Amino acid sequence: MNGSAGQRILMVEDEEDIAFLIRFLLERHGFIVEHAADGRQALERLTSIEPPDLALMDIMLPYHDGLELIGRLRAQAGWEAVPVLMLTAKAREADVVRALELGADDYVTKPFQPEELLARIRRLLRGRR
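The rules we used
Counting starts from 1 at the beginning of each chain's written sequence and moves along it residue by residue. For this predicted model, a pLDDT threshold of at least 70 governs which residues receive local features, and a threshold of 80 or more governs which side-chain atom pairs are given and counted, while totals over whole chains, interfaces and linings are taken from all residues. Side-chain measures here rest on the full set of heavy atoms in the structure, leaving out hydrogens and waters. Numbered from the N terminus, helices here are DSSP runs of H or I no shorter than four residues, and strands are runs of E no shorter than two. Radius of gyration: over C-alpha atoms. The globule rule applied is 2.2 Å multiplied by the number of residues raised to the 0.38 power. For the accessible areas, the method is Shrake-Rupley and the probe is 1.4 Å, while residue cover comes only from the protein chains on display. In this tally, Lys and Arg are treated as positive and Asp and Glu as negative; His is ignored, and so are the chain termini. The atom standing in for a charge is NZ when the residue is Lys, CZ when it is Arg, CG when it is Asp and CD when it is Glu. To define axes, lines are fitted to C-alpha atoms, for helices over the stretch in contact only, and angles between the resulting N-to-C directions are given on a 0 to 180 degree scale. Every angle not falling under 35 degrees, over 145, or within 65 to 115 is termed oblique; those three ranges are roughly parallel, roughly antiparallel and roughly perpendicular. We call two residues in contact when some of their heavy atoms are within 4.5 Å. Polar here means any residue other than Ala, Val, Leu, Ile, Met, Phe, Trp, Tyr, Cys and Pro, which are nonpolar, and Asp, Glu, Lys and Arg, which are charged; Gly is therefore polar. Burial classification: accessible surface area is computed with a 1.4 Å probe over protein chains only, and a residue below 20% of its type maximum counts as buried, one above 50% as exposed, and the rest as partly exposed. For two strands to be treated as a pair, DSSP must find at least two bridges joining them. Orient the strands so they point away from the viewer, and a crossover whose first-strand-to-second-strand path over the helix runs clockwise is right-handed. UniProt positions are given in the numbering used here, feature names are shortened, and annotations may be inferred rather than shown by experiment. Cavities and pockets are found on a 1 Å grid laid over the protein atoms alone: a cavity is a set of points where a 1.4 Å probe fits but cannot escape, a pocket is an open set with protein on both sides within 12 Å along at least five of seven lines, and a lining residue has an atom within 4 Å of such a point. Grid points are joined across faces, edges and corners, and a volume is the space filled by probe spheres set on the points. Pairing of aromatic side chains here covers Phe, Tyr and the six-membered ring of Trp, requires ring centres within 6.5 Å, and sorts the geometry by plane angle: under 30 degrees stacked, over 60 edge-to-face, intermediate tilted. In this analysis the charged atom, NZ for Lys or CZ for Arg, is taken to sit over a ring once it is within 6 Å of the ring centre and within 35 degrees of the ring normal.

- Where an unreviewed UniProt entry is consulted, the protein chain appears under the name DNA-binding response regulator, with the organism given as Stutzerimonas nitrititolerans.

Here's what the structure looks like:
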């Protein structure tokens, strides 16, 4: 389990099949997953749940995109230090740079390798301790 038992991850992903796969992967490794299916649901979570141990976000989302969400998350009391990992099909260098400049801690492009995603999540969580 590598110390992941009970750690909470907010997953913001609008593609149902990908959300299902990520939830399965993370829960199998002991994480607790809170899912927001679009930008509007994600904004609701920012004010209604305790800050998670990590946020995993897509960029291309209905209502509010992931780049806007990074800014809102970083401005929300208690969420400033939550690690943010962007998981998105947007692979242009400009998109990666913009996300990192806005406050993302890491950036993984789709399609992704499950073991690499887990390793990056664990690295970010280790940095929080």
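## Quick look at the overall build of the protein chain
- Each helix and strand counted, the protein chain has five helices and five strands in total.
- Ordering the α and β elements of the protein chain from the N terminus gives β-α-β-α-β-α-β-α-β-α.
- Against the compact-globule benchmark of 14 Å for 129 residues, the protein chain has a radius of gyration of 13 Å, which places it among compact chains.
- Seen through its principal axes, the protein chain has C-alpha atoms that stretch 35 × 30 × 25 Å.
- Per element, the accessible surface of the protein chain, about 6600 Å² overall, is 50% carbon and sulfur.
- Here the protein chain contributes 17 positively and 22 negatively charged side chains, and the mean placements of these two sets differ by 4 Å.

## Notes on the packing of helix H3 (residues 66-75) against helix H4 (residues 93-102)
- Interaxial distance between H3 and H4 falls to 9 Å at its minimum, and their mutual angle equals 10 degrees. If you check the angle between H3 and H4, you find them roughly parallel. Between H3, through Leu67, Ile70 and Arg74, and H4, the contact on the second element is made entirely by Arg98, Ala99 and Leu102.
- Grouping the amino acids of the contact of H3 with H4 by side-chain chemistry returns four nonpolar, no polar and two charged.

## Concerning the pairing of strand E1 (residues 8-12)
- Of all the five residues making up E1, four are buried; the element is thus mostly covered by neighbouring parts of the structure.
- Of the pairings in the sheet, the one linking E1 to strand E2 (residues 32-36) comprises five bridges and is parallel in character. For isoleucine 9, the partnering residue across the bridge sits in E2 and is valine 33.
- With helix H1 (residues 16-28) bridging E1 and its parallel neighbour E2, the resulting β-α-β unit is right-handed.

## With respect to the UniProt feature "domain: Response regulatory" (unreviewed entry) in the protein chain
- Feature annotation in UniProt assigns "domain: Response regulatory" (unreviewed entry) to the following positions: residues 8-125.
- Regarding residues 8-125, the helix share stands at 47% and the strand share at 19%, and the terminal C-alpha atoms are separated by 10 Å.

## Quick word on empty space enclosed by the protein
- Summed over all chains, the structure comprises one cavity of 30 Å³ or more.
- Estimated volume of the largest cavity: approximately 40 Å³.
- Elements supplying a minimum of two residues to the lining of the largest cavity: E1, helix H2 (39-48) and H3.
- A total of three residues in the lining of the largest cavity trace back to one element, the largest contributor, which is H2.
- Taken together, the residues of the lining of the largest cavity sort by class into eight nonpolar, no polar and no charged.

## Describing the packing of aromatic side chains
- One pass over the structure, following the stated rule, counts zero aromatic pairs.
- When the ring centre of tyrosine 63 is taken as reference, the NZ or CZ atom of arginine 40 above it lies at 3.5 Å.

## Comments concerning the UniProt feature "modified residue: 4-aspartylphosphate" (unreviewed entry) in the protein chain
- Using the residue numbers shown here, the UniProt feature "modified residue: 4-aspartylphosphate" (unreviewed entry) corresponds to Asp58.
- When you line up the elements, aspartate 58 lands in the loop between strand E3 (54-57) and H3.
- On the basis of relative accessible area, aspartate 58 is assigned to the buried category, the value being 2%.
- Here aspartate 58 is in contact with Val12, Glu13, Asp14, Glu15, Gly66, Met86, Leu87, Thr88 and Lys110, once residues within four sequence places are set aside.

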